[in-house]
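# Notes for the structure review
Single-letter residue listing:
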Amino acid sequence: MEGPSRWQRFRHAFTSPSAFHEALRLKSSTSILINEDLAPSPPSRQTWTIWNFFAYWWSESWNVSTWSVGASFITLGATIRDALLVVFVANLLSAVVIVLNGRAASRYHIGYPVISRSSFGIYGEYFVVVLRSILGIIWGGVQLYFEGQFISVCLRCIFPGWTKIHNSIPANQYITTQVMVGFFLAFLFTIPFLFIHTSKIQHLFSVKSVIMPAAGLGIVIWATSKNGGVSSGSLESSVAKPSTSVLAWGIISQFNSVMGANSALLVTVPDLARYSRTRNAQLWGQLISLPIGQTLCAAFGVISTSAVLNMYGQAYWNPYDLLNGILDESYSSKARAGVFFASASFAFATLGTSIACNFIPFAADVTCLLPRYINIVRGQLLCLVIAFAIVPWRIVATANGFLNFLGGYSIFQGPVVGIMLVDYFFIRRGNLSLADLFTLSPHGRYYFFHGFNLRAFAAFVVGFLLPLPGFAASFGHDIGDAATHMYALGWVLSFLVGSLAYYVICAAWKVPGHEEVRGMPFEAQVAEAGAFDPTEEVTVGFESGESDASTRSATKEEDGSSGSRKDAHVVEKMA
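Now for a description of the structure that goes with this document. Bear in mind the structure is a predicted one, so any value in this text is a computation, not a measurement.

With their axes 7 Å apart at the nearest point, helix 3 (residues 50–61) and helix 13 (residues 281–312) run at an angle of 20 degrees to one another. One way to sum up the angle between helix 3 and helix 13 is to call them roughly parallel. Both helix 3 and helix 13 take part in a crossing whose hand is right-handed. Classifying every residue of the contact of helix 3 with helix 13 by side-chain character gives twelve nonpolar, seven polar and no charged.

The next subject is unusual backbone geometry. The phi angle at Arg429 is positive, at roughly 55 degrees, despite the residue not being glycine. Relative to the helices and strands, Arg429 resides in the loop between helix 19 (410–427) and helix 20 (434–437). The backbone phi angle of His450 is positive, close to 55 degrees, even though this residue is not glycine. Structurally, the position occupied by His450 is in the loop between helix 20 and helix 21 (454–465). Taking relative accessible area as the criterion, His450 reaches 53% and is therefore assigned exposed.

Our focus in this paragraph is the environment of Val128. Within the element layout of this structure, Val128 appears in helix 7 (residues 125–158). Remark: the alpha-carbon pair of Val128 and Arg117, spanning eleven residues in sequence, is separated by 9.8 Å. Discounting residues that sit within four places of it in the chain, Val128 has contacts with Tyr112, Ser116, Phe120 and Val416.

A surface patch of nonpolar side chains, amounting to about 890 Å² of accessible area, comprises Ile50, Leu85, Phe88, Val89, Leu92, Val96, Leu100, Trp284, Ile288, Ile292 and Leu296. Listing elements by their share of the nonpolar patch, those giving two or more residues are helix 5 (80–108) and helix 13. Looking at the nonpolar patch, the element that brings in the most residues is helix 5, giving six residues.

Conventions adopted
Residues numbered from 1 in each chain as written. Predicted model: local features only at pLDDT ≥ 70, side-chain atom pairs only at ≥ 80, totals over all residues. Heavy atoms only, no water. Axes fitted to C-alpha atoms, helices over the stretch in contact; angles between N-to-C directions. Helix = DSSP H or I, 4+ residues; strand = E, 2+ residues; numbered from the N terminus. Parallel < 35°, antiparallel > 145°, perpendicular 65-115°, else oblique. Left-handed = near helix turned anticlockwise from the far one by under 90°. Nonpolar A, V, L, I, M, F, W, Y, C, P; charged D, E, K, R; others polar. Buried < 20%, exposed > 50% of the residue type's maximum accessible area, 1.4 Å probe, protein only. Contact = heavy atoms within 4.5 Å. Patch = residues over 30% accessible without salt bridge, like charges linked within 9 Å, V, L, I, M, F, W, Y side chains within 5 Å. Areas by Shrake-Rupley, 256 points an atom, 1.4 Å probe, with all protein chains shown as cover. Salt bridge = Lys/Arg side-chain N within 4 Å of Asp/Glu carboxyl O.

If you want it as structure tokens, here you go:
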């Protein structure tokens with residue numbers, strides 16, 4: 001017998017407050033630790049192949065920030081060769097960390113919020129999740145603003161009088177009517193994509209991985225052919241050469257900036273790797289594409305900017321400023337057509353970047369904060385609404401101190417990923433207990449001290465202490481060269497110190513179940529996790545979240561060697 005239709009359920013939700021509440025509540029959630037997007041991904045959602053991961057990171061490499069990254073290096077006095085080498089090495093290191101941090105997720109098919117419970121504790125996970133979610137909201141809004149800029153350029157190509165539209169918005173709001181229209185359209189264009197679950201969104205990045213490099217190549221070909229060559233030396237010759245020590249520390253600082261830009265994704269890559277179809281799909285797909293893609297995009301930005309500098313006498317490092325500059329010089333039908341397709345490609349690329357780096361991680365994170373009401377799709381929509389409301393153009397235009405804060409935020413992300421890697425590879429030896437990740441029992445292996453792993457939090461603090469004075473100095477406080485240099489090593493320093501501190505603390509203060517895990521082969525419990533049927537043991541309603549469910553308690557015998565009583569609340573599918 002068929003149940004009520006979607007329209008009937010929608011109408012019923014507004015018949016009373018209790019009906020509305022019932023419609024919002026996810027039937028797959030029976031505790032604060034679980035719903036369909038926190039439970040291990042079932043085989044039907046293990047859909048990401050090697051190509052999908054490659055396309056994701058390749059497409060993610062083509063964005064506004066990467067296109068412009070050469071500016072920060074060359075203005076220091078570095079050569080173009082050195083600038084691109086730094087970009088490549090930083091992204092190669094990022095790719096290695098991404099692969100390592102995605103390994104647990106590809107084996108156990110669980111996301112960042114759940115994996116972080118094993119290292120920070122059942123309740124300690126909320127701290128690291130909120131730490132990451134803040135970035136998702138802010139950069140989601142900023143990327144939405146960038147997308148609006150490109151849409152405004154597209155409209156300028158279509159309508160000759162676009163720039164002549166009266167701007168009634170006061171100057172102190174730091175946005176024009178044209179860009180506001182583009183920003184609102186960007187908001188509307190983003191909505192349909194957020195209804196797609198992460199396990200099915202990979203095709204968006206496959207399309208972007210083809211369109212954006214083609215658009216970038218088109219800009220490079222136009223710029224070099226019109227200029228009669230690359231002439232990249234003009235960029236270097238316009239910069240005064242600093243001393244060797246100043247240049248060296250400047251390059252180290254910019255290396256850290258690239259790592260910092262990637263830092264949030266280094267932490268939350270499990271939210272993608274959990275959907276890996278095979279154990280090694282995330283390995284090769286991620287290791288190759290990121291360093292090559294980012295380096296090519298940065299090179300295209302440098303080449304295009306240098307050619308335009310020779311032609312127009314001005315260096316447009318930002319791609320939407322470059323496209324507007326082309327229209328300022330020539331508003332011919334040929335120029336308008338070329339700029340339109342380039343700008344539309346960049347708008348689409350920015351949309352993909354925002355979904356990849358902000359909406360997906362935020363949604364995956366926030367599910368653990370309100371699992372009874374928020375799944376990934378709802379979390380993505382929530383992130384969009386908040387990102388729209390924070391008026392990101394004011395952040396970009398005026399909040400220099402705040403942007404410095406965001407730039408230094410990586411010193412708090414480095415210890416997190418370092419602790420997670422040490423915990424999985426050295427402390428747990430790749431052996432996680434899924435039952436204990438979903439229990440509130442004080443006897444659970446990851447309950448630690450009232451739900452918090454004090455070892456991890458101590459290592460986290462130790463990790464960011466050394467670069468912290470330099471972080472404070474970035475706001476205008478003079479505290480000496482030593483602190484500034486340690487801050488230049490920010491992410492790398494906090495990552496290494498946090499990792500080492502956690503290893504030492506755990507060696508002195510053993511984690512629960514240490515003796516049992518030490519005697520196991522590496523990742524021996526992956527096979528056991530594979531036999532852990534999520535439709536019977538953890539949750540139901542993976543595809544719709546609408547199935548009825550009842551709760552049962554499954555208690556396993558106490559393990560004498562580990563002292564861990566695996567007591568998990570689970571959901572049973574009903575006929």
